[in-house]
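The chain contents come next:
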Amino acid sequence: MAQTEKFVLNMGPQHPSTHGVLQVQVELDGENIVGAKPVMGYLHRGIEKLMESRTYQQCVPFTDRLDYVSAMNNNLGFCMAVEKLAGIEVPERAWYIRTICCELNRIASHHVFIGSLTNDLGSATGMIYAFRDREKILDLFNIICGARMTCHYIRIGGVAADAQAEFFQKTEEFINYVPEMLDEYDRLFTGNEIFQRRMQGTSVISKDDALRFGMSGPNIRASGIPYDIRKLDRYGIYGRLDFEVPVGETGDNWDRYLIRIREIEESAKIIRQCLDNMPEGAFKGKVPKVLKPPKGDAYQRVENTRGELGFYIVSDGTTKPYRVHIRRPSFINLQALDHMCRGMVLADAVTAFATIDPLMGEVDC
């Protein structure tokens, strides 16, 4: 009987299917994957230490550079941690505007997921369609704050400026467009037989394995666990909004795709409720010009587009945080890559990585 020799193939850090600067050392036995070791750190910028040498207000722009396609959600997590630490009250109107922006950002991030996934599987058309629709959201961000990706719009105590009538009008137009957009995706991707064959039954993560790896976000929900911090912690105004938490059954690549498609529907539902119930009032609470939270610590978690994003801040009573630590969902979720790839063929490694949907700026921090 012929004996084969195992060998290691390096994917990345320049590989176009690694969604950034990640190296994956894939151990192969012919075409079959024996192991897949992610090698991180190529994008490490020391953001936690940089934040410890800045004032609390100056820290917010650094959060934009973590998951840089979900900047609004990053802003929210850090600002809520500081607000908890300093006892700052956020006005009602600001919470509604924050929620709209975060859910728009969730949809835009899922557009990047859909476009990257389809491109990785050989359909450049998929990326063009998804990024076309993402542009509509980036245009909305440009209206409300003058930026498209690194927004720095959600601030400690509220938001940087009140939302304009044009923003509300254009947002409603986009929400009305969502059903047509998803129907087009169903015809282009979801109903595609080749797409289904590549995704269904591959890289299965069971409930137990998802918990063992500490996964969160769409990845753990695809494995059948309804873990959504918006529902569990009911932070902000999420406790009074009507939306569902989509969950999968198998925990394969296909479920991880479908969960994000369904989450776009739910985010649109949340945004519509916020638009219909938008209160009048201030867009920012009372925040001291020189912010010195009392000595102590605080941890705040939010449901980022990729899972549980947490900020732990220690205050020593000065204008700068003594210690900042960030729980990054992309970093945690990526630990499952080896498990997802074992027993698959080489082409499946790209699919597994794409459905984890990590963002390398957040992985390396």
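Above this text you will find the structure in question.
Residues numbered from 1 in each chain as written. Predicted model: local features only at pLDDT ≥ 70, side-chain atom pairs only at ≥ 80, totals over all residues. Heavy atoms only, no water.

Chemist: Help me understand the sheet that holds strand 8 (residues 321-327) in this model?
Modeler: Note on sheets: strands pair through backbone hydrogen bonds, and any given pair is parallel or antiparallel. Within the open sheet, the three strands sit side by side as 6-7-8. Their pairing is antiparallel. The sheet terminates laterally at strand 6 (296-304) and strand 8, the two strands that pair on one side only. When the angles between neighbouring strand axes are averaged without regard to direction, this sheet yields 15°. As judged from the six bridges shared by strand 7 (residues 307-315) and strand 8, these two strands associate in the antiparallel manner. Across the sheet, residue Tyr312 finds its bridge partner in strand 8, namely His325. Where helix 3 (residues 71-86) meets the sheet, its contacts fall on strand 6 and strand 7, and the angle it forms with strand 6 comes to roughly 150°. (Pairing = 2+ DSSP bridges. Helix = DSSP H or I, 4+ residues; strand = E, 2+ residues; numbered from the N terminus. Axes fitted to C-alpha atoms, helices over the stretch in contact; angles between N-to-C directions. Contact = heavy atoms within 4.5 Å.)

Chemist: Could you clarify how one ought to interpret the environment of Phe331 in this entry?
Modeler: As for its position among the elements, Phe331 is in helix 12 (residues 329-333). Sequence spacing of Phe331 and Leu359 is 28 residues, and the spatial spacing of their C-alpha atoms is 8.4 Å. Apart from the residues lying within four places of it in its own chain, the contact partners of Phe331 are Met40 and Val363.

Chemist: So what exactly am I meant to see when it comes to the packing of helix 2 (residues 56-64) against helix 3 here?
Modeler: Running from N to C, helix 2 and helix 3 cross one another at 150°; their axes reach a closest spacing of 8 Å. The angle between the axes of helix 2 and helix 3 places the two elements in the roughly antiparallel class. In this structure, the crossing between helix 2 and helix 3 has a hand that is right-handed. Where helix 2 approaches helix 3, its residues Tyr56, Cys59, Val60, Thr63 and Asp64 are matched on the opposing element by Ala71, Asn74, Asn75, Phe78, Cys79, Val82 and Leu85. Here the residues of the contact of helix 2 with helix 3 sort into eight nonpolar, three polar and one charged. (Parallel < 35°, antiparallel > 145°, perpendicular 65-115°, else oblique. Left-handed = near helix turned anticlockwise from the far one by under 90°. Nonpolar A, V, L, I, M, F, W, Y, C, P; charged D, E, K, R; others polar.)

Chemist: Looking at this structure, I do not really get the pairing of strand 6. What am I missing?
Modeler: Put simply, side chains in a regular strand alternate between the two faces of the sheet. Examined bridge by bridge, strand 6 and strand 7 share nine bridges and lie antiparallel to one another. Across the sheet, residue Tyr299 finds its bridge partner in strand 7, namely Tyr312.

Chemist: Teacher, can you tell me more about the packing of aromatic side chains here?
Modeler: In this description, a pair of aromatic rings is defined by centroid distance and the angle of the planes. Scanning the model with the defined rule gives nine aromatic pairs in all. Ring geometry for Tyr235 against Tyr238: centres 5.2 Å apart, planes inclined by 70°, an arrangement best described as edge-to-face. Relative accessible area serves as the criterion here: at 4%, Tyr238 is assigned to the buried category. Where Tyr238 meets Phe243, the ring centres are 6.1 Å apart and the plane angle is 70°; that geometry is what we call edge-to-face. Look at Phe243 and you get buried, because its relative accessible area is 1%. (Phe/Tyr/Trp six-rings, centres within 6.5 Å; stacked < 30°, edge-to-face > 60°. Buried < 20%, exposed > 50% of the residue type's maximum accessible area, 1.4 Å probe, protein only.)

Chemist: It is not clear to me how the side chain of Asn219 should be interpreted in this structure. Could you clarify?
Modeler: Inspection of the secondary structure puts Asn219 in helix 9 (residues 218-222). Residue classification places Asn219 among the buried residues on the basis of a relative accessible area of 0%.

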